[in-house]
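Chain by chain, the residues run as shown.
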Amino acid sequence: MNIGSKIYVAGHRGMVGSAIIRRLKIDGYNNIINKTSAELDLRRQSEVEEFFEYEKPEYVFLAAAKVGGIVANNIYPAEFIYDNLMIETNIIHSAYKFEVKKLLFLGSSCIYPRRAEQPIKEEYLLGGYLEKTNEAYAIAKISGLKMCEYYNKQYGTDFISVMPTNLYGPNDNYDLQTSHVLPALIRKFYEAKFNKSKYVEIWGSGTPKREFLHVDDLTDACLFLMQNYSGSETVNIGVGNDISINELALLISDVVGFTGKIAYDRTKPDGTPRKLLDVSKLNNLGWKASIDLRTGIKMTYKDYISNLYV
Ligand SMILES: NC(=O)c1ccc[n+]([C@@H]2O[C@H](COP(=O)([O-])OP(=O)(O)OC[C@H]3O[C@@H](n4cnc5c(N)ncnc54)[C@H](OP(=O)(O)O)[C@@H]3O)[C@@H](O)[C@H]2O)c1
Ligand SMILES: C[C@@H]1O[C@H](OP(=O)(O)OP(=O)(O)OC[C@H]2O[C@@H](n3cnc4c(=O)[nH]c(N)nc43)[C@H](O)[C@@H]2O)[C@@H](O)[C@H](O)[C@@H]1O
């Protein structure tokens, strides 16, 4: 990939896609193409093929997907499997058909078995049952990474798959019904402080553990892998440590400056008890995360506040 290469970032308005674009521009790439879902619905095969035939991108970052937190995944499994299977199938097949030089597919740590040994190595894939709350999404993501593997095997393509852990950062989704835990808690603690509420309600028991990676670190890893890695084996992207949801809530309340109490809505699901990625493969390739969680949350909170008043 050089600065004049034609690069298609699918999902460029999302948290990950927008971070990839930001970074590509900083690095001087000047031939980036993209389309919103209103301009090109990636679930439509013929439209996607027409787009690839016309644009002939050389490199593709596949960051378009139907994405959401635990409750959205649990309530809308049909949408999560249909949208994601269609988007992946159309883009991966078009990338093969119109001779894309290299494609990077973004999966997710929820592809691994619910009870996987911790930390989770790449080879634990398909070694056990999936977590029910995001099974539909996970099956679609497993299909996507397997498509990359099979196309590489049969057609000799250069499609790589990365499995990021839970992400956060600027341009995240702050809708309290559909968001992930970190943006939801930033908003809940901010609003509770603003409204002088006595407590903030978090979902579930607070005991599940999660690993959080800032999206700028993710982007750095994706560009590093696009430049330095080829192969059908997936690569985990994470920070290598995790914290409980309770600890996360305390950290965010501290950053925001909320002094009230935390309450628990136990009618909401806990999901996977733990999903800490083993990132030794990525570390051995020469990449490590650099943004620590407190610093990342401070940066994200600042961004959240600045967007409230625009
Ligand atoms: N967020 C996380 O914690 C996390 C963790 C692990 C992996 N990932 C992976 O990272 C990738 C990006 O996630 P994200 O958090 O950036 O998601 P996001 O903020 O929800 O963005 C998703 C993007 O996909 C696009 N999209 C959705 N449906 C589409 C369709 N039918 N046609 C065209 N575009 C469509 C949307 O485009 P428009 O804005 O134009 O509608 C949106 O910009 C996904 O593959 C996800 O699985 C995310
Ligand atoms: C990365 C994504 O992870 C998702 O799983 P997953 O980490 O459980 O998704 P999250 O929605 O981030 O929830 C993580 C944990 O935080 C708890 N939690 C506490 N308060 C809240 C809140 O206000 N909002 C949210 N959303 N959670 C909250 C939630 O019950 C769960 O135990 C998958 O469903 C996706 O498919 C994807 O893989």
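In this text, all values refer to a predicted model and were calculated from it rather than measured experimentally.

We now examine the overall build of the protein chain. The secondary structure content of the protein chain amounts to ten helices and twelve strands. A compact globule built from 310 residues should have a C-alpha radius of gyration of about 19 Å, and the protein chain, at 19 Å, falls within 12% of that. If you take every contact in the protein chain between residues at least 6 apart in sequence, the share linking residues at least 24 apart comes to 82%. For the protein chain, the exposed surface amounts to about 14,200 Å²; the carbon and sulfur share of it is 50%. Side-chain charges of the protein chain comprise 37 positive and 37 negative groups, with the mean position of each set lying 5 Å from the other.

Our next topic: helix α5 (residues 135-155). Compared with the 30 Å implied by 1.5 Å per residue over 21 residues, the 29 Å span of α5 between its first and last C-alpha is a close match. Positive backbone phi, at 70°, marks G156, one or two positions downstream of α5.

Let's shift gears to the packing of helix α8 (residues 245-256) against helix α10 (residues 293-308). Packed helix pairs are specified by the crossing angle of their axes together with the interaxial distance, meaning the distance between the axes. In contact at an axis separation of 10 Å, α8 and α10 are set at 50° when each is read in the N-to-C sense. With respect to each other, α8 and α10 are oriented oblique. Remark: the crossing between α8 and α10 carries right-handed chirality. On α10, the residues touching L248, L251, I252, D254, V255 and V256 of α8 are L293, R294, I297, K298 and Y301.

Remember that side chains alternate between the two faces of the sheet whenever the strand is regular. Residues Y59 and F61 point to one face of strand β3 (residues 59-62) and V60 and L62 to the other, with burial holding for every one of them. Here four bridges tie strand β1 (residues 7-10) to β3, and the two strands are oriented parallel to one another. Each bridged residue has a counterpart across the sheet, and for V9 the counterpart in β3 is F61.

The positions that UniProt labels "site: Important for catalytic activity" (unreviewed entry) are, in the present scheme, S108 and C110. Along the chain, the position of S108 falls in the loop between β4 (102-106) and α5. Relative accessible area serves as the criterion here: at 12%, S108 is assigned to the buried category. In contact with S108, other than residues within four places in its own chain, are Y137, M163 and P164. Among the secondary structure elements, C110 is positioned in the loop between β4 and α5.

The next point concerns the pairing of β1. Going residue by residue along β1, you find I7 and V9 tucked away on one face and Y8 and A10 tucked away on the opposite face as well. In this sheet, strand β2 (residues 32-33) lies alongside β1 in parallel orientation, the contact comprising two bridges. Considered in β2, the bridge of I7 is made with I32. Crossover connection from β1 via helix α1 (residues 15-26) to parallel β2: handedness right-handed.

Time to look at the sheet that holds β4. Across the sheet, which stays open at both edges, the six strands sit in the order β2-β1-β3-β4-β5-β10 with parallel pairing between neighbours. Sheet topology places β2 and β10 (235-237) at the edges, where each strand pairs with a single neighbour. Its contacts with the sheet place helix α4 (residues 77-97) against β1, β3, β4 and β5 (159-164), and it is angled at close to 170° to β3.

This paragraph deals with the pattern of salt bridges. In total, this model carries 21 salt bridges according to the counting rule given. One salt bridge connects D27 with R23, and the closest N-O pair in it is separated by 2.9 Å. Assessed through its relative accessible area of 32%, D27 is described here as partly exposed. Between D278 and K121 there is a salt bridge whose closest N-O contact spans 3.1 Å. Here K121 lies in the loop between β4 and α5 and D278 lies in the loop between β12 (261-265) and α9 (280-285), a separation of 157 residues in the sequence.

Parameters at a glance
Residues numbered from 1 in each chain as written. Chains lettered and ligands numbered in written order. Predicted model: local features only at pLDDT ≥ 70, side-chain atom pairs only at ≥ 80, totals over all residues. Heavy atoms only, no water. Helix = DSSP H or I, 4+ residues; strand = E, 2+ residues; numbered from the N terminus. Rg over C-alpha atoms; globule rule 2.2 N^0.38 Å. Contact = heavy atoms within 4.5 Å. Areas by Shrake-Rupley, 256 points an atom, 1.4 Å probe, with all protein chains shown as cover. Lys, Arg positive; Asp, Glu negative; His and termini not counted. Charge placed at Lys NZ, Arg CZ, Asp CG, Glu CD. Expected span 1.5 Å × (residues − 1). Axes fitted to C-alpha atoms, helices over the stretch in contact; angles between N-to-C directions. Parallel < 35°, antiparallel > 145°, perpendicular 65-115°, else oblique. Left-handed = near helix turned anticlockwise from the far one by under 90°. Buried < 20%, exposed > 50% of the residue type's maximum accessible area, 1.4 Å probe, protein only. Pairing = 2+ DSSP bridges. UniProt positions renumbered as here; feature names shortened; annotations may be inferred. Right-handed = clockwise from strand over helix to strand, strands pointing away. Salt bridge = Lys/Arg side-chain N within 4 Å of Asp/Glu carboxyl O.

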